[in-house]
Amino acid sequence: MPPFAPLSGLRRWSMPLLALVAGVAWSGCQDAPVGPDTTPIEVNARRATPPPPTTLAATLTEGFESGSKTSYTTGSVTLGSGSWTFNDALIGNLSTDRKVGSQSARLRNSGKLTMNFNRTTGAGAVTVRYAKFGTDASTSFELWASTNSGSTWTPVGSRVTVSSTALQTATFNVNLSGTVRLEFRKTDGTTNRLNLDEVAIPDYTGATPTPTPTPTPTPTPTPTPPPPTTVHLTLGNPSNAVADVAYPTNYLMVKTQYAMSYHRDRGTPNWVSWHLDPTWLGSTARQDNFRADALLPSTWYHVQSTDFSGTGYDRGHMCPSADRTKTVTDNSATFLMTNMIPQAPNNNQGPWGTFEGYTRSLVTASGKECYLISGGYGSLTTIAAGHVTPPARTWKVVIVLDQGTNDLARVTTATRVIAIDLPNDNSMSKSADWRSYRTTVDAIEAQTGLDLLSLVSTSIQATLESRVDTQ
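Residues numbered from 1 in each chain as written. Predicted model: local features only at pLDDT ≥ 70, side-chain atom pairs only at ≥ 80, totals over all residues. Heavy atoms only, no water.

Caption draft 1: Region of interest: the overall build of the protein chain. The helix and strand inventory of the protein chain stands at four helices and 21 strands. The proportion of buried residues among the 471 residues of the protein chain is 56%. Within the protein chain, counting contacts between residues at least 6 apart in sequence, those at least 24 apart form 74% of the total. As displayed, the protein chain has an accessible area near 17,700 Å², and 52% of this comes from carbon and sulfur atoms. (Helix = DSSP H or I, 4+ residues; strand = E, 2+ residues; numbered from the N terminus. Buried < 20%, exposed > 50% of the residue type's maximum accessible area, 1.4 Å probe, protein only. Contact = heavy atoms within 4.5 Å. Areas by Shrake-Rupley, 256 points an atom, 1.4 Å probe, with all protein chains shown as cover.)

Caption draft 2: Structural view of the pairing of strand 4 (residues 104–115). Pairing geometry for strand 3 (residues 83–92) and strand 4, over eight bridges, is antiparallel. Bridge assignment links L90 to a residue of strand 4, and that residue is R106. (Pairing = 2+ DSSP bridges.)

Caption draft 3: Local environment of the packing of aromatic side chains. Within this structure, the stated rule accounts for ten aromatic pairs. Measuring from centroid to centroid gives 4.9 Å for F290 and F335, while their planes differ by 90°, and the two rings are edge-to-face. On the criterion of sequence distance, the pair formed by F290 in the loop between strand 15 (268–276) and strand 16 (314–317) and F335 in the loop between helix 1 (328–333) and strand 17 (340–343) is long-range, its members being 45 residues apart. With centroids separated by 5.0 Å and ring planes inclined at 40°, the aromatic side chains of Y358 and W434 adopt a geometry described as tilted. Residue Y358 is located in helix 2 (residues 345–366), and its partner W434 is located in the loop between strand 20 (416–423) and strand 21 (438–439); the two are separated by 76 residues in the primary sequence. You'll find Y358 and W434 in the same group, each marked buried. By way of ring pairs, the aromatic residues F64, W84, F86 and F117 are connected into one cluster. Sitting over the face of the ring of W352, K396 holds its NZ or CZ atom 4.9 Å from the ring centroid. (Phe/Tyr/Trp six-rings, centres within 6.5 Å; stacked < 30°, edge-to-face > 60°. Lys NZ or Arg CZ within 6 Å of the ring centre and 35° of its normal.)

Caption draft 4: The arrangement of the pattern of salt bridges in detail. What the rule picks out here adds up to 18 salt bridges. Of the charged contacts, one joins D203 and R119 as a salt bridge, the two residues approaching to 2.5 Å between their closest N and O atoms. Placement of D203 in the loop between strand 11 (194–202) and strand 12 (215–218) and of R119 in the loop between strand 4 and strand 5 (123–132) is noted, with a sequence separation of 84 residues between them. Residue R119 is classed as buried on the basis of its relative accessible area, which comes to 13%. With a shortest N-O distance of 2.5 Å, D402 and K368 are connected by a salt bridge. You can see D402 sitting in strand 19 (residues 393–402) and its partner K368 sitting in strand 18 (residues 368–377), a full 34 residues away along the chain. In this structure D402 comes out as partly exposed when scored by relative accessible area, which is 44%. (Salt bridge = Lys/Arg side-chain N within 4 Å of Asp/Glu carboxyl O.)

Caption draft 5: Representation of the environment of D323. Within the secondary structure, D323 sits in the loop between strand 16 and helix 1. Here the alpha-carbon distance between D323 and L276, two residues 47 residues apart in the chain, equals 6.9 Å. For D323, the residues in contact, after removing those within four places along its chain, are W274, L276, W280, L281 and R360.

Caption draft 6: Layout of the environment of D136. Position of D136 among the secondary structure elements: in the loop between strand 5 and strand 6 (139–146). On the basis of relative accessible area, D136 is assigned to the buried category, the value being 12%. Considering only alpha carbons, one finds D136 and S163, 27 residues apart in sequence, at a separation of 9.3 Å. If we ignore the near neighbours within four places in the chain, the residues touching D136 are T191, N192 and R193. From its side chain, D136 meets the backbone nitrogen of R193 in a polar contact 2.8 Å long. (Polar contact = N/O pair within 3.5 Å; in protein donor to acceptor, adjacent residues only side chain to side chain.)

Caption draft 7: Spotlight on the environment of R264. Secondary-structure assignment places R264 in the loop between strand 14 (259–263) and strand 15. Given the relative accessible area of 31%, R264 is considered partly exposed. R264 sits 17 residues away from Y247 along the chain, and the two C-alpha atoms are 9.2 Å apart. What R264 contacts, discounting residues up to four positions off in sequence, is P248, T249 and W300.

Caption draft 8: Just unusual backbone geometry, in detail. Positive phi, close to 55°, is recorded for A384, a residue that is not glycine. The residue A384 is located in the loop between strand 18 and strand 19 in this model. Exposure remark for A384: the relative accessible area of 17% places this residue in the buried category. Positive phi values are uncommon outside glycine, yet N406 reaches one of about 50°. Secondary-structure assignment places N406 in the loop between strand 19 and strand 20.

Caption draft 9: Expanded view of helix 2. Between its first and last C-alpha atoms helix 2 spans 29 Å; for 22 residues at 1.5 Å apiece the expected length is 32 Å, and the two agree. A maximum bend of about 40° is found in helix 2 at W352. Immediately downstream of helix 2, the backbone of G367 shows phi near 70°, a positive value. (Expected span 1.5 Å × (residues − 1). Bend = angle between axes of the 7 residues up to and from the residue.)

Caption draft 10: Just helix 3 (residues 441–448), in detail. Buried residues of helix 3: V441, I444, E445 and T448, and no others. Take helix 3 and look down its axis: the buried residues cluster within an arc of 100°, on one side only. Its buried side turned inward, helix 3 meets strand 18, strand 19, strand 20 and strand 21. Note on helix 3: the residue one or two positions beyond its end, G449, has a positive phi of about 75°. (Arc of directions from axis to C-beta.)

Caption draft 11: Main features of the confidence of the model for the protein chain. This prediction gives the protein chain a mean pLDDT of 85; 83% of its residues lie at or above 70. Counted against residues more than four places away or in other chains, residues 1–57, with its pLDDT under 50, gives 138 contacts. The low-confidence segment residues 207–222, where pLDDT is below 50, has 40 contacts with residues more than four positions distant or belonging to other chains. (pLDDT = per-residue confidence, 0-100.)

Caption draft 12: The arrangement of the sheet that holds strand 19 in detail. Pairing in this open sheet of seven strands is antiparallel, and the strands run 13-14-15-18-19-20-21 from one edge to the other. In the strand order of this sheet, the two ends are held by strand 13 (251–254) and strand 21, each with one partner. Of the strand pairs in this sheet, strand 13 and strand 14 are connected by four bridges, and their pairing is antiparallel. Bridge pairing in strand 14 links V254 to A259. Docked against the sheet, helix 2 engages strand 15, strand 18, strand 19 and strand 20, running at close to 165° with respect to strand 20. (Axes fitted to C-alpha atoms, helices over the stretch in contact; angles between N-to-C directions.)

Rendered as structure tokens:
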């Protein structure tokens, strides 16, 4: 569980009206033909007094997204960070590989991942995400460091035990200046496999006063996510995303209308989370002002409103336009491209859209409020000159409560949870029933490595996440 508590009963903040835009007819979440419009409209979540600015050290990251290695035979692979040697290790992209994006490293036996290049600016507190592969038993790994280009190696701290299929974060305070290269070693020698992902190696700044380097293999991220300042994360931050450019594949963005983890290299959100009750609904027309999100870091590629054109994919909303009709500002925020995933028309305009309407009807006709999380996983191809990766499947989880306050405390083993998982292609009919695609939260977590209800007590999670909705 992340080490923070929800702000119980927190509701949406007011926000000044930014612009009046002529409305057009509603069409659910179906993409409508529009001309390019990249005019930025700032949609910031209101927060408590921000912390003072800090100076961040440069960080080398490796998410194993750009390389390919399909066998355990020893070999070197050129990745985004540089060349690494995989010994009894490969790059996995199966549904049973635990990963943040579409790939992660997988080690077996006494496998190793070794940097073939040096960091000349040293290494500070190194982090790595880790989990068990598939249904394998527990295993373990260590981090080793070399200051002489790999001639000799020294272990950094103690061994990390890997006992969960949910991605966790280990932190190793390497704290070495000058020339450094690193090596991850699977240490138990068994055939049990493990996944490693999201390696982050910051420069050494001398700022960490740790006499004896020791790892901290805990499920909390580095840096630690802030306490939720938005109703949209009442039930948790599924990937422990942080608003830190050092984590470009798990970058937290909190807007008044929704929260998300954004993946720079895929050009899509890992997940989007939002709250829905009557206070979000009104009579505002659909704005259709698709545009790039100006609040992404300036050095990253900003997906444009026209990047899906001619690809056969809809600009598929995660937080739907029709879930945000109280004000023009709210509705306009749903057309930012950071809220879009390339969706096959039969998916987006079919059972996906029908399920959106069903969820709203629970709020408008049945006195309910909902917490929703959606995203995609896997990959089919790339579009927009490689900047955007359409997912192989799309998923959504809805937690249904009676309207009230103190929502987290009101989640019980009797709470209705609906989870769906659809292929992102046109194999289904637009008239297909979304109920045919119901699944468990556990199944979605196994595919994505997320912890979708992380602030709900573990005993309640165990019941809710293993149950398929039948209503």
